[in-house]
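The primary structure of each chain is shown beneath.
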Amino acid sequence: MTTYRIAPSILSADFARLGEEVKNVVAAGADIIHFDVMDNHYVPNLTVGPLVCQAIRPHVQVPIDVHLMVKPVDRIIPDFAKAGANIITFHPEASDHLDRSLQLIRDHGCKAGLVFNPATPLSYLEHVMDKIDMILIMSVNPGFGGQSFIPQALKKIEQARRLIDESGRDILLEVDGGIKIDNIAAAAKAGADTFVAGSAIFGQPDYKAVIDAMRAKLAEV
């Protein structure tokens, strides 16, 4: 039986109360904290760095999943590892040497993964599956929260699930972008097991009610 994980994205949290927000969302049933890092170069937005990751680390016991939307990536990877990240993912377009960047993450004691934008082919995985712990499928174009789910992402999730199954490896398949109560089951049916949700959770007054409703939908899959 598949273990499903809910990973609220702090991009949509109240940054004036971030420590409290992450505590509350974990108490409401979150499995992972998703941490979006944007650099205003690779994506047209600027968010948070390692110091913020370090600041929230003492407040939660669950894994922190750092999604690097930065270019280049290698310089910042050790900083996030030291700041308490458990999983670090990056976009293949942001690294000149994928194998080296993935190994750098693992050398610093973190799980490593690749992130695929809507138009990025999964062929990047072909020669590095032995260093992959997570595949993240973007169901929106990266850079901003609150976007609508791109349905074509479901086909890519299905393709990624086939690759994972064929590899025989224990690899998480995460989906990020526009995930809500009404479409989380479709993403799960396509093969995703880890679900990033930002505004769908943090935009509501009762985090537990949203996460419980998402789990109820997943239980039907």
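Everything discussed here concerns the structure shown above.
Conventions used here
- Residues numbered from 1 in each chain as written.
- Predicted model: local features only at pLDDT ≥ 70, side-chain atom pairs only at ≥ 80, totals over all residues.
- Heavy atoms only, no water.
- Helix = DSSP H or I, 4+ residues; strand = E, 2+ residues; numbered from the N terminus.
- Rg over C-alpha atoms; globule rule 2.2 N^0.38 Å.
- Contact = heavy atoms within 4.5 Å.
- Areas by Shrake-Rupley, 256 points an atom, 1.4 Å probe, with all protein chains shown as cover.
- Lys, Arg positive; Asp, Glu negative; His and termini not counted.
- Charge placed at Lys NZ, Arg CZ, Asp CG, Glu CD.
- Buried < 20%, exposed > 50% of the residue type's maximum accessible area, 1.4 Å probe, protein only.
- Pairing = 2+ DSSP bridges.
- Right-handed = clockwise from strand over helix to strand, strands pointing away.
- Expected span 1.5 Å × (residues − 1).
- Arc of directions from axis to C-beta.
- 1 Å grid on protein atoms, 1.4 Å probe; cavity = no way out; pocket = protein on both sides within 12 Å on 5 of 7 lines; lining within 4 Å.
- Points joined across faces, edges and corners; volume = space filled by probe spheres on them.
- Nonpolar A, V, L, I, M, F, W, Y, C, P; charged D, E, K, R; others polar.
- Axes fitted to C-alpha atoms, helices over the stretch in contact; angles between N-to-C directions.
- Salt bridge = Lys/Arg side-chain N within 4 Å of Asp/Glu carboxyl O.

Trainee: Help me get a handle on the overall build of the protein, residues and values and all.
Mentor: The secondary structure content of the protein amounts to eight helices and eight strands. A globule of 221 residues ought to have a C-alpha radius of gyration of about 17 Å, and the protein, at 16 Å, matches this closely. Counting only C-alpha atoms, the protein reaches 45 × 35 × 30 Å along its principal axes. Put simply, 64% of the contacts in the protein that link residues at least 6 apart link residues at least 24 apart. Total accessible area on the protein is roughly 9,800 Å²; 51% of this is exposed by carbon and sulfur atoms. Side chains of the protein give 21 positive and 27 negative charges; the mean places of these two sets differ by 1 Å.

Trainee: Summarise the pairing of strand S3 (residues 64–69); cite the residues concerned and give the values.
Mentor: The buried fraction of S3 is high, at six of six residues. Here S3 shows a buried face lined by Ile64, Val66 and Leu68 and a second buried face lined by Asp65, His67 and Met69. Relative to S3, strand S2 (residues 33–38) runs parallel, the two sharing six bridges. What sits directly across from Val37, in S3, is Leu68. Remark: the S2/helix H2 (residues 50–56)/S3 crossover connection has right-handed handedness. Assessed by its sense of winding, the connection that carries the chain from S3 through helix H3 (residues 77–82) to strand S4 (residues 87–90) is right-handed.

Trainee: Which residues make up helix H5 (residues 153–167), and what values do they have?
Mentor: With 15 residues, H5 extends 21 Å between its outermost C-alpha atoms, agreeing within 8% with the 21 Å of an ideal straight helix rising 1.5 Å per residue. Within the sequence span of H5, burial applies to Ala153, Lys156, Ile157, Ala160, Arg161 and Ile164. One face of H5 carries all of its buried residues, which in axial projection span an arc of 145°. In H5, those exposed residues whose orientation departs by more than 90 degrees from the buried face are Lys155, Asp165 and Glu166. Contact partners of the buried residues in H5: strand S5 (111–116), strand S6 (134–138), strand S7 (172–176) and helix H6 (184–190). One or two residues past the end of H5 sits Gly168, with phi positive at roughly 70°.

Trainee: Report on the layout of surface pockets, specifying residues and quantitative values.
Mentor: Of the volumes computed, that of the largest pocket is approximately 250 Å³. Its residues assigned to classes, the lining of the largest pocket comprises five nonpolar, two polar and seven charged.

Trainee: Help me get a handle on the sheet that holds S3, residues and values and all.
Mentor: If you walk across this open sheet you meet the eight strands as S1-S8-S7-S6-S5-S4-S3-S2, and the pairing is parallel. Edge positions in the sheet fall to strand S1 (5–8) and S2, since each of these pairs with one other strand and no more. Going from strand to strand, the sheet's axes swing by 25° on average, the running direction of each strand aside. Bridge count for S5 against S6 is four bridges, and the pairing is parallel. Along S6, the bridge assignment pairs Leu114 with Ile135.

Trainee: Tell me about empty space enclosed by the protein, residues and numbers included.
Mentor: Inspection of every chain in the model, using the stated rule, returns one cavity of 30 Å³ or more. Lining of the largest cavity is provided by 25 residues; of these, Phe144, Gly145, Gly146, Asp176 and Gly177 occupy positions nearest its centre. Mapped onto the lining of the largest cavity, the elements with two or more residues apiece are S2, S3, strand S8 (194–197) and helix H7 (199–202). Here the lining of the largest cavity is built from residues that sort into eleven nonpolar, eleven polar and three charged.

Trainee: Residue-level account of the pattern of salt bridges, with values.
Mentor: In total, this model carries eleven salt bridges according to the counting rule given. Of the charged contacts, one joins Lys131 and Asp130 as a salt bridge, the two residues approaching to 3.7 Å between their closest N and O atoms. Of the residues examined, Asp130 reaches a relative accessible area of 43% and is grouped as partly exposed. Each of Asp14, Arg17, Glu20 and Glu21 takes part in salt bridges that share partners, so that together they form one network.

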